Each structure stands twice: as structure tokens, then as C-alpha cells.
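Structure at a glance
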Amino acid sequence: MTPRPSSDDSPKKTGAKKKAAAEGKPTAKTPKTADAKTADAKKADKVGKSSKKTREADPLPAADSAPAFAGVQPGDRERLLSGTHHDPHGVLGAHPIPGGVAFRTFRPYALAVTVVTDELRAELQDDGDGFFSGLLPLRAVPSSYRLLVSYEGTVQDTEDAYRFLPAIGELDLHLFGEGRHEQLWQALGAEPMVHQGVAGTRFTVWAPNARGVRVVGTFNFWDGAAYPMRSLGSSGVWELFVPAIGDGELYKFDITRADGSHTLRADPMARRTEVPPKTSSIVTSSSYGWDDDTWMATRASRPVHEAPFSVYEIHLASWRPGLTYRQLADQLPSYVADLGFTHVELMPVAEHPFGGSWGYQVTGFYAPTARLGTPDDFKHLVDALHRAGIGVLMDWVPAHFPRDDWALAEFDGRPLYEHEDPQRAAHPDWGTLEFDYGRREVRNFLVANAVYWCEEFHIDGLRVDAVASMLYLDYSREPGQWTPNEHGGRENPDAVAFLQEMNATVYRRNPGVVTIAEESTAWDGVTRATDHIGPGGFGGLGFGLKWNMGWMHDSLDYAAHEPVYRKHHHHEMTFSMVYAYSENYVLPISHDEVVHGKRSLVSKMPGDWWQQRATLRAYLGFMWAHPGKQLLFMGQEFAQGAEWSETHGPDWWLLDPAYSAEPDHRGIRDLVRDLNTTYQREPALWERDTDPAGFTWIAGDAADDNVFAFLRHDADGNPLLAVSHFSPVVRHGYRLGVPDDIPAWHEILNTDTTRYGGSNVHNPDPVKPEPHPAHGRPASIQLTLPPLATVWLRPA
């Protein structure tokens, strides 16, 4: 289903000349015309006259014996032609030999090549097949020289890529080999730079199983024959510095597999890509100037589990379809800030070929999707959100990757990023491949990627997708389809070690950043410190927060029942408090709950349209008061009736004043705004989310009444009373036990208020406790409970 790359239609060995002619490119068989020779001579003369005069290379006296052979040896020649040479710099370029300095270059389609030094210029001998060589009578290899490469009707004045030392340091290679290069994007990939005084781009790629690697792109007409890369020893890294190219150039790597076949691959470390379905990588460097210093300096001032944390989940491409990153920056921050959310969570923004995957099948782990703009455009969006006081979380997908033959799968001809064991490599649910977390370089690729998004794009948190599929060797596999670990268990110790390292590294390097696990099992210690060993023998995974999938399933199941049946499912709303403090939780109503036939949030609720909206309002009030942080997917804040679709996004027309039911939808959005505003104003609702002392049941067993009542407490012990009533009747004089040291309570939020679309049953006056025991307390109050509603009260 993945489209073929549009930029790969480069000339191969067969038909290359025909392709070159179609593009106006010179071919090697064209005879050298008088005009071309004249242009060549003029160009060489111009360069020679303008060259800086030095005496570093003196002409040698004529040798008595025959000069040494200056050309490329037959074995090297064949390997260069077939793309299997591991050290082209040892052959091409300038090298001292008996009798002077040999200059060798490989320039297919060239008519002639002239070497120009500070004091000499000489036309090289045409050795055929694009090879040119010559022996110049120099005492030493010149520190710099240029090549004049003549083609049909033109002469290129260029640096020789094969005169440069490696542009990547030994320390970079050492750290990568040990799996500890925390800023790997600065070592691998395409990096515009000035190297040995010359501007160009350094290309580096990890391909340890390759027989040879060549870089191809727009700068060489997608023919990499003349651009072989050198292997940097046992690191498995290949490198080439190409002078005079920079931002905007498209490129890929032509990799020669062990069997001699070739595969054309996008750069795993590419920081910018073409817009899908095109698949080329793009050379890029950032010129963005950040304006969020205040945000970055203060975001670590309070631990996230002791701070308000209310998240609006967004699929950027469909929130307002057609908007770019910069256009989103003009609209999204103000919308989110108006609704009072503290954070946005972006569904995956890393590049992916198939939009229908919503970004969860990533091919460009280091590149924001080009569908919405450039990497600097994405930085502008993050910056705008920060300036509006909104934190930015993003979904990060280190669990698997797609099998596209231009991306990571069998990248250099053998399993590389994926596990060698087919049972460990194939993801059973999504037709993708799982990473080999036990390989140091692969683990480094992923850990550095997490750091990259935080440091280069100022991301405030990573929600890690599909953690359970990483942790268990038997995830979605039948007996016989998986191999136990060395202890005979089902846990994947490599994945555990990877997640621990990722969390430890991100937290150490980026104060104020939070990591969040989408983990759907009862794995012990997801948010526990990595050095705290649990009963299973593993240290904690080190996440800051974990999605509470159990609460989500149980509470939605309860709300979906008709009120008359809810008393039989009462425990589904209370069970979450049995384990509420086993981890640091987020309560997620995410995109996964409003797609694939699950219906939108309001459509899950039973009854007529009024009851559906009332139940939704009561549910949201219960959710915002429950211990844990909140997450709500876009469109649910105004009770969208249809499921979400990535092709058209939220149904914004529901908020058009010309639509007759617009007040119903606006009322839900007004409630969400007030929930967030009141939530942030009341520390009892967030300050002790992870402390059992921050919660007390008042009525957790009122199943016949469909009532749930509890107290939340802030760090100073100040309470807030939350009462949720999931019956469609009014209950007058409903008695609830309360602390006897509070003189009066007043209502601060009621989901049945008229402007939310409710019936406006409320408690207008302060409610004073009476010396009437209830729920194990010496004092109690009597409330009027609205139908299908949640009310919050605080001390008057």
C-alpha cells in the first residue's frame, strides 16, 4: 500500500546515458568539441590566475626511470564501478607515489578533468569508464586543489570530495559503538558544515552489513557512481563529505548488499523529508530563533505529579484540515488556552508514509512530517504554544516500524534495526517490525531520538506508545510463536533496559520534561524509579506518568449502561481507587476510544439527546475530580456526535450559530472550559494526585442511588467535595457525611447549569453541616442532587 518513492527514478547503470541526455546531462561518449576545449582552457586559466600563491608544493626534477603507474588498479576499479569499495579515499584523490603525486578521480560522463593547484594545472589522462589520472611532479600532496571537470558545453569548477579527512570524530564513533551517544543526530545523517575550510555537507550512515555505500541525490542526478562513501572501520559507519552542497538538496543512500544487489534507502537520521508519498531525505539546517526562554526556565519549578495537568489530544493534520504548522500556530494556542488546558498532546508528528496510520508507523524518526511544513515551522508552532502557556507533549513510537523497502527494514541487506529472530522481529498486530532493543546501536538510535525531540524542538513530554508490546515476548503471540527469555519468562529484558535508559537519559538531560507510558497491563513499577527493584526482579521503568487504561474501560462501560442497570455495575466506577496509587496516572479519553465503531464520547451515552449530553457532562465532572491527570481528545470537548476521521477532523460546523443545535454543543464546550478553570484554581484536585491522603470516600457504595461522593484534599488538608449522580431523577435532601470542622459548603461547579444545557437544579445557598451522623461521620449536609449531574463544593 505504500507508494513507490518518486525521487528514485534515477539513472541506473542500464539506460543511464539516455536518462542523462533527457536531463541535459553530458555523457562520456560525446566527443570533446573545440568550444568545450576552449571553455575548459579559459576556466583553468582563470582558476590558476586567481589561486593564492604558495610554495608548499615544488615541481620535481624529471625522473630518470619510467614513472610509477598513476591510475586506479584493476581491482579497485572494479569495486568502484560495482559500488563495493570500502575505502574510496585510499584510491581516489591525491596520493604520493614514486615520481610525484598521483591524482585520480572517478567522473562518469566527463570529457576531461584538469587538476589546478596553486602553481600547476594539468589535464588528467582519460583511463576509460569515467576514470581519470595523472602523475604531477610535486614533492607533497597539496593542502588544497581544485578539479575542472569538462562536460558537453560546460565546465564544473569543484573541490575534490576525496581530498578531505573524515568529518566525524573518533569520540563520536566510540560513543555510538558503545550505544552511549546521546546527541547522535549531530554525528549521523546529513550535516551541512564547513570542513577543512570548505562549505559542504557531511553524509554519514550506519550500515555494518553493506559491501559498499554511495550517496545519491539531486546534486549528482541521482547517480551515485562517483560518490562512494568510506567505511570507518568496525563502527559500521560510512562517511563522505561532499563540498558545495547544502540546505534543500534531496538525497538517499545506494547500499550494496552482501549478494551484490543494490537498495536505495532514505536516511534513518534524516531531519527533513519530502512530502509523502515522495520518500527522499532532504539536507537541512535550522535557523530558528526560539522565544520561549521564560517557559523553558520555569517548567521544572513544580513536579508534574504535583501540578495541574489537563491535556487536549490533537491530530495536527486534521484539527483544522489544510493548515500548516505556522497557520496552526495562529489558531491552536489561543483555542487551547481559552479552554483552560495546560498541555496539548500531539499524535505522532514524526514522518510516516501512510496518513491512515495517524503517524503510528514511522519511517522518519528524526523528521517532523513534511505534510505541514519544515522542521523550523514545527518549532514555530511549539514556540507559539509555549508563549501561550501551553505545554507540548507528543506521541513517540519506539515499539515498531513499517516494512517499506526504502526505509529501515533490512536496511543494509540483513536485519539491522529489527531483531534477527523472525519471531522477535515481526509485530503480530500491525504487520510491522519490532526494534532489536538488545543491540547497542539500535538502542542508541532510539534513546537519542527521545532526547532529540526534547532538545531540538523543546518538547515537554513524550507519551510512549504501545509499551506493553515491548515488555512481553508473548504479546499477541500464541504458544510456539515466541521464545522465553533466559530465565524462562515472558518478559523482554532488553526492552526493559531500553525503557529504563531512555527515561533516565531524558530526565537527566531535560529538567521539567515528563515521560508517559501507554501501558495496558499490570506491569509492576511503570512509574517507579529504575533503581527500585520490584517483586518481579526488575527495577522500575522510570516513567513519570502512566495512562490508566483500566479506569477508562471501566468508567466508559458504566456510563454506557442505562441508569436502571448501573447499580449492578457500581463497582466499575469505584474499583479504580483500589489501585489508584500504585502508579502515577493519567485518565485518558483518547482518539482510540472514538474510532473503529466505538462511537464518539457523547454517542456512547444511553437515552435521548438530552440524557446523552447530561450523562456526558456528569461523566466529565467525575473525571476531572478523580485522582489523576486528564486527557480529552479533540472534538469531544463540544460533544461531536460522529466518530473521528483523520480525513476531515472535528465537526466544527456543530458550533456554527446558524445550526439549530449549536447551543447544545457550545454548552459542553463551556463546561470543559469551566472544569479546567476551576480545576486549576483548586489545588485539592491536583496537588496530591499520587498521595492516598489526598482522597477520602464519602459514599462509595450508594449503588441503588447511582451516587459517588468523595473528598479531595490539597497539601494543607483543605477539602473539595465532589458528588456525581448518574440517575435521571432529582434527589432532594440527599444526606452526605462531611467533616464537622467546616462551617459551610458552597457549590462551585454544577454540570446541570442552564448554560451547559442542563435543567438548572442546583444548591444556590451555602449548605451548613448538621449534627446528624452519616457515612461514619458525626456531621452531614443535605444536598439537592440534579439529574445526571456532578456538583463540586468547597468550604464557604
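Each value, and the rule that gives it
Residues numbered from 1 in each chain as written. Predicted model: local features only at pLDDT ≥ 70, side-chain atom pairs only at ≥ 80, totals over all residues. Heavy atoms only, no water. Helix = DSSP H or I, 4+ residues; strand = E, 2+ residues; numbered from the N terminus. Buried < 20%, exposed > 50% of the residue type's maximum accessible area, 1.4 Å probe, protein only. Contact = heavy atoms within 4.5 Å. Areas by Shrake-Rupley, 256 points an atom, 1.4 Å probe, with all protein chains shown as cover. Arc of directions from axis to C-beta. Phe/Tyr/Trp six-rings, centres within 6.5 Å; stacked < 30°, edge-to-face > 60°. 1 Å grid on protein atoms, 1.4 Å probe; cavity = no way out; pocket = protein on both sides within 12 Å on 5 of 7 lines; lining within 4 Å. Points joined across faces, edges and corners; volume = space filled by probe spheres on them. Nonpolar A, V, L, I, M, F, W, Y, C, P; charged D, E, K, R; others polar. Salt bridge = Lys/Arg side-chain N within 4 Å of Asp/Glu carboxyl O. Pairing = 2+ DSSP bridges. Axes fitted to C-alpha atoms, helices over the stretch in contact; angles between N-to-C directions. Core = buried A, V, L, I, M, F, W, Y, C linked by side-chain atoms within 4.5 Å. Expected span 1.5 Å × (residues − 1). Parallel < 35°, antiparallel > 145°, perpendicular 65-115°, else oblique. Left-handed = near helix turned anticlockwise from the far one by under 90°. pLDDT = per-residue confidence, 0-100. Lys, Arg positive; Asp, Glu negative; His and termini not counted. Polar contact = N/O pair within 3.5 Å; in protein donor to acceptor, adjacent residues only side chain to side chain.

**A short note on the overall build of the chain**
A count of helical and extended segments in the chain gives 18 helices and 33 strands. Viewed in the frame of its principal axes, the chain has a C-alpha envelope of about 120 × 65 × 45 Å. Counting all 796 residues of the chain, 60% fall into the buried class. Sequence separation of at least 24 residues holds for 73% of the intrachain contacts in the chain that already meet a minimum separation of 6. Looking at the chain as shown, the accessible area adds up to about 30200 Å², and 51% of this sits on carbon and sulfur atoms.

**Things to note about helix H3 (residues 74-82)**
Taken residue by residue, H3 has Asp-76, Arg-77 and Leu-80 as its buried positions. Projected down its long axis, H3 carries its buried residues within an arc of 105°, all on one side. Tucked inside the fold, the buried residues of H3 contact strand S2 (100-106), strand S5 (125-128), strand S6 (131-136) and strand S11 (212-217). At the C-terminal side of H3, Gly-83 shows a positive phi close to 75°.

**A word on the packing of aromatic side chains**
In total, this model carries 50 aromatic pairs according to the counting rule given. Ring plane angle 75° and centroid distance 5.4 Å describe the contact between Tyr-472 and Trp-523, whose orientation is recorded as edge-to-face. Here Trp-523 lies in the loop between strand S23 (514-517) and strand S24 (545-547) and Tyr-472 lies in the loop between helix H11 (467-471) and helix H12 (493-509), a separation of 51 residues in the sequence. Summarising the burial analysis for this pair, Tyr-472 and Trp-523 share the class buried.

**Some remarks on empty space enclosed by the protein**
For the structure on display, the rule yields 7 cavities of 30 Å³ or more. A volume near 150 Å³ is recorded for the largest cavity. Each residue belonging to the lining of the largest cavity can be placed in one class, and the counts come to 8 nonpolar, 7 polar and 4 charged. When its volume is computed, the second largest cavity comes out at roughly 110 Å³. Arg-424, Glu-434, Phe-435, Leu-473 and Asn-492 are, among the 14 residues lining the second largest cavity, the residues nearest its centre.

**A short note on the pattern of salt bridges**
Applying the stated criterion across every chain yields a total of 43 salt bridges. The salt bridge partner of Glu-182 is Arg-508, with a shortest N-O separation of 2.5 Å. Taken together, the positions of Glu-182 in the loop between helix H4 (170-177) and strand S9 (189-195) and Arg-508 in helix H12 put the pair 326 residues apart, joining distant regions of the chain. Arg-508 sits in the exposed class, given a relative accessible area of 52%. Here Arg-509 ties to Glu-455 by a salt bridge, and the two come within 2.6 Å at their closest N and O atoms. Linking Arg-509 in helix H12 with Glu-455 in helix H10 (residues 440-456), this pair joins segments that are 54 residues apart in sequence.

**Describing the pairing of strand S7 (residues 146-151)**
The element S7 is extensively covered by neighbouring structure, given that 5 of its 6 residues are classed as buried. Across 5 bridges, the pairing between strand S3 (residues 112-116) and S7 is antiparallel. Its bridge partner being in S7, Thr-114 is matched across the sheet by Leu-148. Bridge count for S7 against strand S8 (residues 154-159) is 6 bridges, and the pairing is antiparallel.

**Points about the sheet that holds S9**
If you walk across this open sheet you meet the 4 strands as S9-S10-S13-S12, and the pairing is antiparallel. The sheet is open, and its two edges are formed by S9 and strand S12 (230-231), each paired on a single side. Of the pairings in the sheet, the one linking strand S10 (residues 198-206) to strand S13 (residues 237-243) comprises 7 bridges and is antiparallel in character. Bridge pairing in S13 links Phe-203 to Leu-240.

**A short note on the sheet that holds strand S29 (residues 719-725)**
Reading across the sheet, the 5 strands line up as S27-S28-S29-S33-S31 and stay open at both edges, with antiparallel pairing between neighbours. What marks the edges here is a single partner per strand, and that holds for strand S27 (695-702) and strand S31 (745-750). Strand-to-strand twist of the sheet, defined as the mean angle between neighbouring strand axes without regard to direction, takes the value 20°. Pairing of strand S28 (residues 707-713) with S29, which is carried by 7 bridges, proceeds in the antiparallel orientation. Looking across to S29, one finds that Leu-711 is bridged to Leu-721. In the packing of helix H17 (residues 609-625) onto the sheet, the strands contacted are S28, S29 and strand S33 (789-795), and the crossing angle to S33 comes to about 40°. Running at roughly 140° to S31, helix H18 (residues 662-681) makes contact with S31 and S33 of the sheet.

**Some remarks on the pairing of S29**
Judged by how many residues are buried, S29 sits mostly within the fold: 7 of 7 residues are covered. The turn joining S28 and S29, which pair antiparallel and follow one another in sequence, is formed by 5 residues; a positive phi near 90° is taken by Gly-717. Where S29 lies against S33, 5 bridges are found, and the strand directions are antiparallel. Each bridged residue has a counterpart across the sheet, and for His-725 the counterpart in S33 is Ala-789.

**Here's the deal with the nonpolar core**
Judged by nonpolar contacts, the single largest core of 178 residues is most densely connected at Phe-203, Leu-316, Phe-378 and Trp-453. The greatest single-element share of this core, amounting to 10 residues, is contributed by H10. Those residues in contact with Leu-316 that lie beyond four places of it in its chain are Tyr-325, Leu-328, Leu-332, Leu-346, Val-349, Leu-372, Phe-378 and Leu-381. Formed by 19 residues, the second largest nonpolar core is a distinct cluster that contains Val-707, Tyr-734, Val-738 and Val-767.

**Focus: helix H13 (residues 549-560)**
With 12 residues, H13 should cover 16 Å at 1.5 Å per step; its first-to-last C-alpha distance of 17 Å lies within 8% of that length. Those residues of H13 that sit buried are Met-549, Trp-551, Met-552, Ser-555, Leu-556, Tyr-558 and Ala-559.

**Quick notes on the packing of H10 against H12**
Contact pair H10 / H12: the axes reach a minimum separation of 10 Å and the direction vectors enclose 30°. If you check the angle between H10 and H12, you find them roughly parallel. Regarding H10 and H12, the two cross each other, and that crossing is right-handed. When H10 is examined against H12, the residues Arg-443, Leu-446, Val-447, Ala-450, Val-451, Cys-454 and Glu-455 are found in contact with a partner set consisting of Phe-498, Glu-501, Met-502, Thr-505, Val-506 and Arg-509.

**Regarding the environment of Pro-787**
Position of Pro-787 among the secondary structure elements: in the loop between strand S32 (779-785) and S33. Of the residues examined, Pro-787 reaches a relative accessible area of 7% and is grouped as buried. Setting aside its immediate chain neighbours within four residues, Pro-787 contacts Trp-610, His-725, Ser-727, Pro-728, Val-729, Val-730, Asp-752, Ser-759 and Val-761.

**Considering the packing of H13 against H17**
Two elements in contact, H13 and H17, have axes whose closest approach is 11 Å; the angle formed by their N-to-C orientations is 150°. One element, H13, and the other, H17, form an angle in the roughly antiparallel class. Here the hand of the crossing between H13 and H17 comes out right-handed. Contact residues: H13 offers Trp-551, Met-552, Ser-555, Leu-556 and Ala-559, while H17 offers Thr-615, Tyr-619, Phe-622 and Met-623. Along the lines of polarity and charge, the residues of the contact of H13 with H17 split into 7 nonpolar, 2 polar and no charged.

**Section: the confidence of the model for the chain**
The pLDDT averaged across the chain works out to 92; a share of 92% of its residues lies at or above 70. Within the model, pLDDT remains below 50 along residues 1-64, and this stretch shows 109 contacts once partners closer than five positions in the same chain are excluded.

**Some points on the side chain of Glu-637**
With respect to the element layout, Glu-637 can be found in the loop between strand S26 (629-633) and H18. Here Glu-637 occupies a buried position and makes no salt bridge, while the nearest side chain of opposite charge, Arg-669, is found at 6.1 Å. Here Gly-635 takes part through its backbone nitrogen, which lies 2.6 Å from a polar atom of the side chain of Glu-637. Residues within four places of Glu-637 in sequence aside, it is in contact with Tyr-312, Tyr-335, Leu-339, Leu-632, Trp-652, Ile-668, Arg-669 and Val-672.

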